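Residue-level listing of the chains:
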Amino acid sequence: MTYIGRADDGSNDVVIDEHFVGWSTVSRTHALIERDGELFVVVDLDSENGVYVNGQRTGENVLYDGCTVSFGQVHFLFQMNQEGDVR
Amino acid sequence: MIICPSCKAQNRDGARFCLTCGKALAPPSPTAPVAQALETKPLPREPIAVLEPLPAGQRASDVPTKLLPSPEFAPLPPGALLEKRRYEIVSVINKSAKLNAYQVRDRHYRHCPKCGSAASKPDQEFCGDCGLSFAGQPAEHPNYLLRETLDREILAQEALIAELGLQHEGMVNIHRTFEDRPYGPRPRLYLVSDLDEGTGLTALPRPQPEEKVLTWGKQLAQALAYLHSHNVRHRNIRPENIRLVDSRARLTNFNLAEKPPRAAPKEWFAEDVEALARLLQALLAGQTPSPTVAAIFDKALAPNKKDRYATAEALAADLTKALEVLQRPANVTFIIGRRSDTGRQRELNEDSLLTLEIERVQQSKSKPVGLYVVADGMGGHSAGEVASAMAIDALARTVLAKLMLPTLEKAAQAEPDYGALLKEACSEANRAVHERARKARSDMGTTLVAALVVGSEAYITNIGDSRAYRVNQREIRPITTDHSLVERLVATGQITREEARTHPQRNVIYRTVGDKPQVEVDIFHEGLKRDDWLVLCSDGLHGLVEDAHIQQIVTTCLHPQEACDELVRLANEAGGDDNITVIALKLKEVGSTGG
């Protein structure tokens with residue numbers, strides 16, 4: 001499980017800090033991404049400004065390769081890599 | 001190599017975040033892509049995922065520039081999971097201010113590619129409905145239509161159908177409802193139903209062929225009868241609410257359906273029945289309907305309400321009858337195979353068979369008349385073959401004299417009562433055999449199965465344990481009931497059909513030709529359809545070759561003669577402990593030009 005949020009107190013695995021444009025729209029603990037079988041699933045943790053997949057707000061959502069996932073107004077490209085290389 | 005300032009783990013050159021603790025390794029520039037491993041310790045060959053921040057000015061094209069504030073009720077994106085991750089949205093079918101529709105897959109079940117069943121669990125190895133092996137096949141989940149709303153009222157009628165559990169093959173079925181809260185404070189109501197696939201009736205050119213319209217009408221009337229029997233009326237029978245998938249018609253759109261608190265009187269359902277009749281009539285508009293079909297609409301839409309169909313069930317019954325008449329071939333010929341064999345254990349063949357046919361083709365119209373008989377004689381001192389031969393001779397004489405000769409002499413004016421004629425012929429046969437047995441002080445007798453076939457109408461009788469089957473690609477069905485002890489025991493549930501095959505008293509029969517001065521004769525009437533077969537046989541065949549096997553042989557052989565030869569061969573292979581006699585008749589429709 002990977003927690004994503006603004007809080008830099010060790011509770012998040014991915015901290016969205018002031019280096020990210022729009023970081024103020026991210027809640028302290030905003031969302032998590034976890035494995036469910038073969039799938040990666042993003043879960044909104046009742047954040048103020050929501051989780052979006054390809055621009056549509058969602059609650060729990062499968063992340064497919066190449067989709068855009070946004071936490072508030074901070075956008076990420078989600079990529080899967082079969083070779084197991086971390087880019 | 002970069003050492004993480006927080007946890008001291010080693011990271012590759014250029015890494016922006018620590019692989020182990022996820023902390024930033026160096027302040028990232030907002031425009032440069034940075035990576036974050038979601039799985040810090042990946043197992044070999046398992047997928048690894050990364051999140052790559054998108055710079056502010058460089059979003060994927062489908063991301064709107066302004067995401068906030070989000071509307072309270074917007075459609076969810078593909079991949080969204082609902083009902084504890086059971087349903088995954090595949091696509092958005094429709095969206096509106098109050099109601100969204102999605103195609104979803106049900107991750108709790110798997111779809112069988114062979115039989116279409118959606119009842120198997122993903123970890124099952126075989127389809128529970130058809131037995132197909134799923135080994136090595138990735139689970140394909142069944143797809144459904146999922147409707148979503150914040151306002152319960154909008155889906156109240158459909159929810160009622162789901163709550164009552166009403167499902168019918170003539171309906172686009174509604175399966176269940178549930179509540180979920182994908183995000184935000186307000187829960188949404190969801191309704192799962194079959195995908196609303198198929199053509200609408202509105203798109204069809206008119207007029208449509210009668211056979212199709214009657215088939216759809218029958219299915220829809222049966223669906224209505226089902227709803228009405230559960231005290232529910234549809235109230236919205238219109239072309240746009242009918243879906244055609246293959247040759248099936250299904251009723252959809254239940255948003256006006258209603259169920260009164262108490263059982264409603266018949267009249268309360270009349271509007272559905274009339275609306276269906278009107279809809280079917282409109283599909284046929286522009287052509288002259290056949291008299292049977294015209295009679296149905298005259299009744300369904302009679303000026304006086306009292307004269308109309310009282311129930312959807314009554315309409316369904318009449319549509320079914322009309323369809324059967326329509327599907328009966330008008331211009332037919334019989335293709336016959338026959339074979340009688342002593343078998344491997346007996347020295348004598350006591351079975352007899354008869355085929356007697358007249359087929360005249362006049363003005364390219366053919367309505368043949370045929371008499372087909374199998375008789376299995378019994379009694380010591382060579383009496384069996386005498387009895388079976390006498391029986392078929394007596395039958396032949398009666399049918400020739402009372403039916404075939406008058407037909408040729410054009411003496412027969414009205415359509416004769418074929419059933420009564422066959423009965424008379426059997427009584428005649430019984431009288432002859434009984435007389436001979438009495439005089440010779442013999443225990444001779446015979447079984448008998450006879451079919452008098454006139455065009456596509458078959459009149460069938462049996463005495464004893466010789467059988468008639470109706471066979472087609474879908475089924476094999478015994479038309480007759482054996483007058484045997486084991487058949488009684490099976491009928492009363494004392495032994496199984498399987499046990500009957502090996503029962504020590506399986507040869508005991510309680511009704512034979514010649515045993516008593518009078519014999520009871522049951523007549524069965526079958527309206528044959530094109531590509532139906534009739535199979536008449538003695539117990540030397542059906543006692544040794546299973547019904548399903550008979551069906552397989554008959555329907556795969558090119559000619560009935562080939563089928564008879566093969567069936568006799570199989571019975572001999574299985575022991576051939578009795579005489580084996582079989583007649584196979586195939587009804588073939590002939591075109592008015594082909595003859």
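Residues numbered from 1 in each chain as written. Chains lettered and ligands numbered in written order. Predicted model: local features only at pLDDT ≥ 70, side-chain atom pairs only at ≥ 80, totals over all residues.

What follows covers the sheet that holds strand 24 (residues 533-537) of chain B. Residue and element names in this part refer to chain B. If you walk across this open sheet you meet the 5 strands as 13-25-24-21-22, and the pairing is antiparallel. Across the chains shown, the open sheet's two edge strands, defined by having one partner strand only, are strand 13 (332-341) and strand 22 (476-478). The average undirected angle you get between the axes of adjacent strands in this sheet is 20°. Judged from the 5 bridges that link them, strand 21 (residues 467-471) and strand 24 form a sheet pairing that is antiparallel. Bridge pairing links Val471 to Trp533 in strand 24. This element, helix 12 (residues 560-573), spans strand 13 and strand 25 (580-589) of the sheet and lies at about 25° to strand 13. (Pairing = 2+ DSSP bridges. Helix = DSSP H or I, 4+ residues; strand = E, 2+ residues; numbered from the N terminus. Axes fitted to C-alpha atoms, helices over the stretch in contact; angles between N-to-C directions. Contact = placed C-beta atoms within 7 Å.)

This part is about the packing of helix 2 (residues 210-229) of chain B against helix 5 (residues 312-327) of chain B. Helix packing geometry: the angle between the two helix axes and the distance between the axes. Residues and elements named next belong to chain B. One way to put it is that helix 2 packs onto helix 5 with a least axis distance of 8 Å and a crossing angle of 155°. Judged on the interaxial angle alone, helix 5 and helix 2 are roughly antiparallel. The two elements helix 2 and helix 5 cross, and the hand of that crossing is left-handed. Packed against helix 2, whose contacting residues are Glu210, Glu211, Leu214, Thr215, Gly217, Lys218, Ala221, Gln222, Leu224, Ala225 and His228, the element helix 5 presents Ala312, Glu313, Leu315, Ala316, Leu319, Thr320, Ala322, Leu323, Leu326 and Gln327 at the interface. The class makeup of the residues in the contact of helix 2 with helix 5 is 11 nonpolar, 6 polar and 4 charged. (Parallel < 35°, antiparallel > 145°, perpendicular 65-115°, else oblique. Left-handed = near helix turned anticlockwise from the far one by under 90°. Nonpolar A, V, L, I, M, F, W, Y, C, P; charged D, E, K, R; others polar.)

Residue and element names in this part refer to chain B. Turning to its location among the elements, Gln137 is positioned in the loop between strand 6 (99-106) and strand 7 (143-149). Judged by local crowding, Gln137 falls into the exposed class, with 11 C-beta atoms found within 10 Å. Measuring from C-alpha to C-alpha, the distance between Gln137 and Glu125 comes to 9.5 Å, with 12 residues separating the pair along the chain. (Buried ≥ 20, exposed ≤ 12 C-beta atoms within 10 Å, placed from the backbone.)

This next bit is on the sheet that holds strand 11 (residues 242-245) of chain B. Within a beta sheet, neighbouring strands are joined by backbone hydrogen bonds and run either parallel or antiparallel to one another. All names here are of chain B. Strand order in the open sheet formed by 3 strands is 10-11-12, and the pairing between neighbours is antiparallel. With partners counted over all chains shown, the strands left at the sheet margins are strand 10 (199-200) and strand 12 (248-251), one partner each. Looking at chain direction, strand 10 and strand 11 are connected through 2 bridges and run antiparallel. If you follow Thr199 over to strand 11, its bridge partner there is Leu244. Strands in contact with helix 2 are strand 11 and strand 12; relative to strand 12, the strand with the most contacts, it is inclined by about 35°.

Moving on to the confidence of the model for chain A. Residue and element names in this part refer to chain A. Residues of chain A with pLDDT of at least 70 account for 93%, and the chain-wide mean is 89. By mean pLDDT, strand 9 (residues 74-81) is the weakest element of chain A at 87, and strand 7 (residues 60-63) is the strongest at 96. In the predicted structure, residues 83-87 sits below a pLDDT of 50 and forms 13 contacts with residues beyond four places in sequence or in another chain. (pLDDT = per-residue confidence, 0-100.)

Tracing the backbone shows Phe73(B) in the loop between strand 3 (48-53) and strand 4 (81-82). Along the backbone, Phe73(B) and Ser96(B) are 23 residues apart, and their C-alpha atoms lie at a distance of 9.1 Å.

The side chains of a regular strand alternate, first on one face of the sheet and then on the other. All names here are of chain B. Strand direction decides the pairing type here: strand 11 and strand 12, joined by 4 bridges, are antiparallel. Looking across to strand 12, one finds that Val245 is bridged to Arg248. Hairpin connection, strand 11 to strand 12: the antiparallel pair is bridged by 2 residues, and Asp246 has positive phi, about 55°.

A few words on the pairing of strand 17 (residues 369-378) of chain B. All names here are of chain B. With respect to burial, strand 17 is a largely interior element, 9 of its 10 residues being buried. In the sheet, strand 14 (residues 351-358) pairs with strand 17 via 8 bridges, with the strands oriented antiparallel. In the strand pairing of strand 17, Leu354 is matched with Val373. Of the strand pairs in this sheet, strand 17 and strand 18 (residues 445-446) are connected by 2 bridges, and their pairing is antiparallel. When the bridges of strand 18 are listed, Met378 appears paired with Gly445.

As a further point, take helix 5 of chain B. The terminal C-alpha atoms of helix 5 of chain B, which comprises 16 residues, lie 22 Å apart, in line with the 22 Å expected from a rise of 1.5 Å per residue. Elements in contact with the buried residues of helix 5 of chain B: helix 2, helix 3 (270-284) and helix 4 (291-300) of chain B. (Expected span 1.5 Å × (residues − 1).)

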